[in-house]
Structure formats: C-alpha cells, structure tokens
Amino acid sequence: MTKLKLKNFIFLTIAGLINAFGVTIFLNPVQLYDSGISGTSMLLGQLTPPALSLSFFLLILNIPLFLFGFRKQGFIFTVYSLYTVGVYALCAWLITDILPIDVTIASPLAGTDLLLCALFGGLISGIGSGLTIRFGGAIDGIEVMAVIFAKKLGISIGSFVMIYNVILYVICGFFAESWILPLYSIVTYMAALKTVDFIVDGLDRAKMAMIVTTKSDDICEELQNEFGCGTTRVEGQGGYSRAEKTVIYFVVNRFQVAKMKNIVHEIDPGAYITIHDIADVFTSNR
C-alpha cells in the first residue's frame, strides 16, 4: 500500500475523465465504437435495455479481467487499473444520465459528422488511455488478457488486441446492418493508437546510435564535447576483415541525428552507423 502514489491517482482520475468525455461526447452518440472492452461495452449498451448502460458493462466486464490478471500484473497495477475504470464508468454515467447534456442523437460538439467524431473521439480517448499507461495502470481489460494469453497463442500482444478489435468491429457491422460505422470505428482505433504512443513515449523519442569505427578516441571526444553527454565503447572485430574495431553506443534525440552523423563521418568516412528508436532512457542519480 505504501507504494501507491497520490500523484498517480490524480492523473488516473484525469485519465478516466478524459476517456469518458471522448467516448460519450464523440463516439457513443453516433454509434461509433471504441476498441477493446470499452467498444464491447458500447455495443452491449446499445443492444440491451437502457438500465444496462455503458457504465454498467464497463464495470461488469473489466473488473473480472483485471482480477484475473492480478497474479501476472501485480497489486499496484491492478489497483490503479480498477480505480481508473471506476472513474471512467462514473464519469460516463454522469455525462449520459445526470448532466444536462444531450448525447442521445448526435455529438454535442461535432454533430453527426462521422469523420470528426471518429478522429476526435479516438484522439481524446487515446489521451486518457495513454495517461493511464504512463501512470501505472490500464483502462481496458483486454490488454491484460493479451499479456496473459498472447504468448501462449504464439502471437504478439499487439496482434492479440488487433484480432480482438477486428472481430468486435465485424460483429458491430452485422448488428448495425451497415459497415460504415465499423469502418469509421477503425479510424477511431488508429487515432487512439497514435495518441497513446505519443502520450506514453513523448514527442521527442530518443535515438540509439551504434557506430562501428577504427577511430573511437577522436569520435568519442568530439561527440562528448558537442553534445555534453557520455559514450559507451565495446571492443569488436570485423567479421570479414578480422580488423580490430570499436562499437560506440550513443544516445541522441531526433534533432541531433544529422549533426552526429556529420561529426562521425568527418572523422572516419568509413564508419558504419545504425540508428534505432528507443522508448525510454533511465539514468541513475547515485
């Protein structure tokens, strides 16, 4: 319990509120569908009596999934996730049933424009989902199921979630007797995915450069002087030439890549450089 942080709960509250706003203001009024359990809850809410609302299904479907994944994900993750789902369900209920906002026929902000509803609904719900992940939880139980079962099925977590959503949208198409709404829902899904990536990883994702060179001393010195950060060197050997080489590990942001390449090739025109995206960089304060 002492590891639970007030800061996380504050941001998770904001995340649940944002997700509820995106879904109830932009998606549900025009019968577009979110992804995962949220989308499933929207479909069931439309097919069942009014008493069984979106909020009811969010709780009744998500809570067992998070509890099922408790052993795999741990106490803190489960508490944060259940809390966020609770806030999401509560805020969705307040917007649809309590507040004087008409969300029964059209979006109060975008009307019946399906493209606007799909884009902004996905964008806003993606912000909520991204904040939830960033602060230690998940807002959709299908992600927990993906972690548990994807490896057993021999597929990636992303593939598991995608397969679930494809099946969901196909079912939605049959019940709606139209493929327009499910197809726009895919636009929602893609907008949400990109937004989640942006929230979790940030705009300025770091780049990892692996530099293979025979002039490591000069390159390391110049990189450290130019960028003010350290480098890591690993001694190696050319696979074909058998010549002694050094592999320099260096982290930059995307704005520094061009300058880094120019510095390296000015010192060693034959240097071999590979660059990869990295999501997180952690340094010790000790």
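The residue numbers shown here count from 1 along each chain, following its written sequence. Restriction of local features to residues with pLDDT of at least 70 applies here, the model being predicted, together with a cutoff of 80 or more for giving and counting side-chain atom pairs; totals for whole chains, interfaces and linings are based on all residues. To get the side-chain values, take all heavy atoms of the structure and skip hydrogens and water.

Q: Break down helix 2 (residues 36-47) for me, citing the residues and quoting the values.
A: Here helix 2 contains twelve residues, and its C-alpha end-to-end distance of 17 Å stays within 8% of the 16 Å for a straight helix at 1.5 Å per residue. Relative accessibility thresholds used throughout: buried, under 20% of the residue-type maximum; exposed, over 50%; partly exposed, between the two (1.4 Å probe, protein chains only). Secondary structure is summarised from DSSP: a helix means a run of H or I of at least four residues, a strand means a run of E of at least two, and numbering begins at the N terminus for each. Along helix 2, the residues that are buried comprise Gly36, Ile37, Ser38, Gly39, Thr40, Ser41, Met42 and Leu43. Contacts are residue-level and defined by heavy atoms, with any inter-residue pair within 4.5 Å sufficient. Packing partners of the buried residues in helix 2 comprise helix 1 (6-27), helix 3 (54-68), helix 5 (75-98), helix 7 (141-153) and helix 8 (157-176). Given a helix with a known number of residues, its expected span is that number minus one, times 1.5 Å.

Q: Can you tell me about the nonpolar core, naming the residues and giving the values?
A: With 44 residues, the main nonpolar core has Leu32 and Met145 as its most contacted residues. For this core, the secondary structure elements donating two or more residues are helix 1, helix 2, helix 3, helix 5, helix 6 (114-134), helix 7, helix 8 and helix 9 (180-201). Looking at this core, the element that brings in the most residues is helix 5, giving eight residues. With residues near it in sequence (within four places) discarded, Met145 still touches Leu65, Phe68, Ala150 and Phe160. Core analysis: the next-biggest nonpolar cluster, separate from the first, contains 15 residues, Ala209, Phe227, Val252 and Ile263 among them. Residue types Ala, Val, Leu, Ile, Met, Phe, Trp, Tyr and Cys, when buried and joined through side-chain atoms within 4.5 Å, form a set referred to as a nonpolar core.

Q: Which residues make up the side chain of Ser185, and what values do they have?
A: Mapped onto the elements of the fold, Ser185 is located in helix 9. Classification of Ser185 as buried rests on a relative accessible area of 0%. The contact partners of Ser185, leaving out residues within four places of it in the chain, are Leu32, Tyr33 and Tyr169.

Q: Let's hear about the pattern of salt bridges: which residues, and what values?
A: The term salt bridge refers to a side-chain nitrogen of Lys or Arg lying within 4 Å of a carboxyl oxygen of Asp or Glu. All chains considered together, the criterion is met by three salt bridges. With its nearest N and O atoms 2.4 Å apart, the salt bridge here joins Arg233 to Asp217. Note that Arg233 is positioned in strand 2 (residues 232-237) and Asp217 in helix 10 (residues 216-227), a separation of 16 residues in sequence. Overall, the relative accessible area of 53% leaves Asp217 in the exposed class. Note that Glu226 and Lys259 form a salt bridge whose closest N and O atoms lie 3.2 Å from each other. Of this pair, Glu226 sits in helix 10 while Lys259 sits in helix 11 (residues 257-267); the two residues are 33 residues apart in sequence, bridging distant segments of the chain.

Q: Describe the confidence of the model for the chain, with residues and values.
A: Taken residue by residue, the chain gives an average pLDDT of 90. The fraction at 70 or more is 95%. Ranking the elements of the chain by mean pLDDT puts helix 4 (residues 70-73) last, at 84, and helix 1 first, at 96. pLDDT measures the predictor's confidence residue by residue and takes values from 0 up to 100.

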